[in-house]
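Each chain is listed here by its residues.
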Amino acid sequence: VQLVESGGGLVQPGGSLRLSCAASGFTFSSYHMSWYRQAPGKARELVAAISSAGGSKSYADSVKGRFTISRDNGQNTVFLQMNSLKPEDTAVYYCNAQSVEIAMRRYWGQGTQVTVSS
């Protein structure tokens, strides 16, 4: 099982980034997918989630209207489009997969750093 995030980097406030998470080794379409982030000295927090078929999405209040989660089950990939980035969005962003049938079965990616700074 692998979840490989990409697309992080350094961006100025107000800028945009698109994160990708490529999945392999499991049946992607049978898993809900989500993005978490962890800033230095803070707990990991849920940023956005999408259901297995993509019909249901949810967002943390802090990113509503700025971030969009999507998935391509044909390409086994989940995305996070991040617009109007703020310095407080700086964190390591992690991809997470949770089995629809067995909720305790979860996988994590290694994370990708997002830094918002001028």
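Here's what I pulled together on the structure shown here. From a predicted model like this one, the values you see are computed outputs, not experimental measurements.

## Section: the pattern of salt bridges
- Across all of its chains, the model carries 4 salt bridges by this definition.
- In this structure, Arg 66 and Asp 89 form a salt bridge, with 2.7 Å as the shortest nitrogen-oxygen distance. Remark: Asp 89 occurs in the loop between strand 8 (77-82) and strand 9 (91-99) and Arg 66 occurs in the loop between strand 6 (57-59) and strand 7 (67-72); sequence separation between them is 23 residues. Considered together, Arg 66 and Asp 89 belong to a single accessibility category, that of buried residues.
- Counted as one network, the salt bridges with shared partners bring together Arg 37, Glu 45, Arg 66 and Asp 89.

## Side note on the sheet that holds strand 1 (residues 2-6)
- With antiparallel pairing, the 4 strands of this open sheet are ordered in space as 1-3-8-7. Only two strands of the sheet have a single neighbouring strand rather than two, namely strand 1 and strand 7. Within this sheet the neighbouring strands show an average axis-to-axis angle of 15°, counted without direction.
- Examined bridge by bridge, strand 7 and strand 8 share 6 bridges and lie antiparallel to one another. When the sheet's bridge partners are listed, Phe 67 is paired in strand 8 with Met 82.

## Structural notes on the packing of aromatic side chains
- Throughout the structure, instances matching the rule amount to 5 aromatic pairs.
- Considering the side-chain rings of Phe 26 and Phe 28, the 6.5 Å spacing of their centres and the 45° angle between planes classify their relative orientation as tilted. Phe 28 carries the same exposure label as Phe 26, and that label is buried.
- Measuring from ring centre to ring centre gives 4.9 Å for Tyr 36 and Trp 108, while their planes differ by 65°; the resulting arrangement is edge-to-face. Pair noted here: Tyr 36 is in strand 4 (residues 31-38) and Trp 108 is in strand 10 (residues 106-108), with a separation of 72 residues, a long-range link.
- On the accessibility criterion, Tyr 36 (15% relative accessible area) is buried.
- Here the aromatic residues Phe 26, Phe 28, Tyr 31 and Tyr 107 are joined through ring pairs into a cluster of three or more.
- In this structure, Arg 44 is placed above the aromatic ring of Trp 108, and the distance from its NZ or CZ to the ring centre is 4.7 Å.

## A word on the pairing of strand 8
- Buried residues dominate strand 8, accounting for 5 of its 6 residues.
- Where strand 7 folds back onto strand 8 in an antiparallel hairpin, the turn is made up of 4 residues, including Asn 76, whose phi is positive at roughly 55°.

Conventions adopted
- Residues numbered from 1 in each chain as written.
- Predicted model: local features only at pLDDT ≥ 70, side-chain atom pairs only at ≥ 80, totals over all residues.
- Heavy atoms only, no water.
- Salt bridge = Lys/Arg side-chain N within 4 Å of Asp/Glu carboxyl O.
- Helix = DSSP H or I, 4+ residues; strand = E, 2+ residues; numbered from the N terminus.
- Buried < 20%, exposed > 50% of the residue type's maximum accessible area, 1.4 Å probe, protein only.
- Pairing = 2+ DSSP bridges.
- Axes fitted to C-alpha atoms, helices over the stretch in contact; angles between N-to-C directions.
- Phe/Tyr/Trp six-rings, centres within 6.5 Å; stacked < 30°, edge-to-face > 60°.
- Lys NZ or Arg CZ within 6 Å of the ring centre and 35° of its normal.

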